[in-house]
Amino acid sequence: MSVMILSIGGFGATISQLVQKKVSNLNDTEIKFVFSDTDAKALDNIMTDEKCKIKLSKKSKVIPSNFFDGVKEIFIVAALGRSTGRKFFVSTVQSAVDAGIPKVNVVAIIPFFFEGEKKNLRAFNELDNIVHMGINHLELFNNEKFLENTAYEEDFMERMRTINELITDKIKDLVIKAVNIHHSV
């Protein structure tokens, strides 16, 4: 395995599962999807191999470095407006950097304005905490900007599906590019 997609929390898992479906034709030895959450029931509902799930704990926010053995590139996917995604974001990024993964990519989803100014401020504070960690790429998805660019004649749920699709397609493209680069080396 050379590429890992590590999702944090429920919305990170939702997006990662959508990406997983879109890249299912890739060799599974090239890419590993890992789902992490504080909610054991939520993890049980994810349709994937049990070895690819991490139950996060409030006692220890650090993922052991041996978990990242063989990983040449990682994509950490988190929605920063959600509780788990935000709370474990910085420590997960730090764990990946400390493990010596050559290429650490972060995919962060910023909350909608209607979710509250407090959530938005916390999201940007968490981003400030990772800027000097030595990550290679930061991909920001601002839900509010996506919402502004979706068709207003669609109902709200359809607009949310459109936003999820846009985010999923962008991550899929990044992952395919990474797999192709590692495959050709």
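Residues numbered from 1 in each chain as written. Predicted model: local features only at pLDDT ≥ 70, side-chain atom pairs only at ≥ 80, totals over all residues. Heavy atoms only, no water.

1. Some points on the sheet that holds strand β4 (residues 73-79)
Phase 1 of the analysis: Strands sit in the order β3-β2-β1-β4-β5-β6 across an open sheet of six strands; the sheet is parallel. Of all strands in the sheet, those bounded by a partner on one side alone are β3 (53-55) and β6 (137-142). Pairs of neighbouring strands in the sheet enclose a mean axial angle of 15 degrees, with direction left out of account.
Phase 2 of the analysis: Strand direction decides the pairing type here: strand β2 (residues 31-37) and β3, joined by three bridges, are parallel. Looking at the pairing, Phe 35 lines up with Lys 53 of β3. (Pairing = 2+ DSSP bridges. Helix = DSSP H or I, 4+ residues; strand = E, 2+ residues; numbered from the N terminus. Axes fitted to C-alpha atoms, helices over the stretch in contact; angles between N-to-C directions.)

2. So, the packing of helix α4 (residues 89-98) against helix α5 (residues 117-130)
Phase 1 of the analysis: The N-to-C vectors of α4 and α5 enclose an angle of 20 degrees; their axes lie 9 Å apart at closest approach. The pairing of α4 with α5 is recorded here as roughly parallel in orientation. Where α4 crosses over α5, the handedness of that crossing is right-handed. Residues Phe 89, Val 90 and Val 93 of α4 lie in contact with α5, whose contacting residues are Glu 126, Leu 127, Asn 129 and Ile 130.
Phase 2 of the analysis: For the contact of α4 with α5, the residue count by class is five nonpolar, one polar and one charged. (Parallel < 35°, antiparallel > 145°, perpendicular 65-115°, else oblique. Left-handed = near helix turned anticlockwise from the far one by under 90°. Contact = heavy atoms within 4.5 Å. Nonpolar A, V, L, I, M, F, W, Y, C, P; charged D, E, K, R; others polar.)

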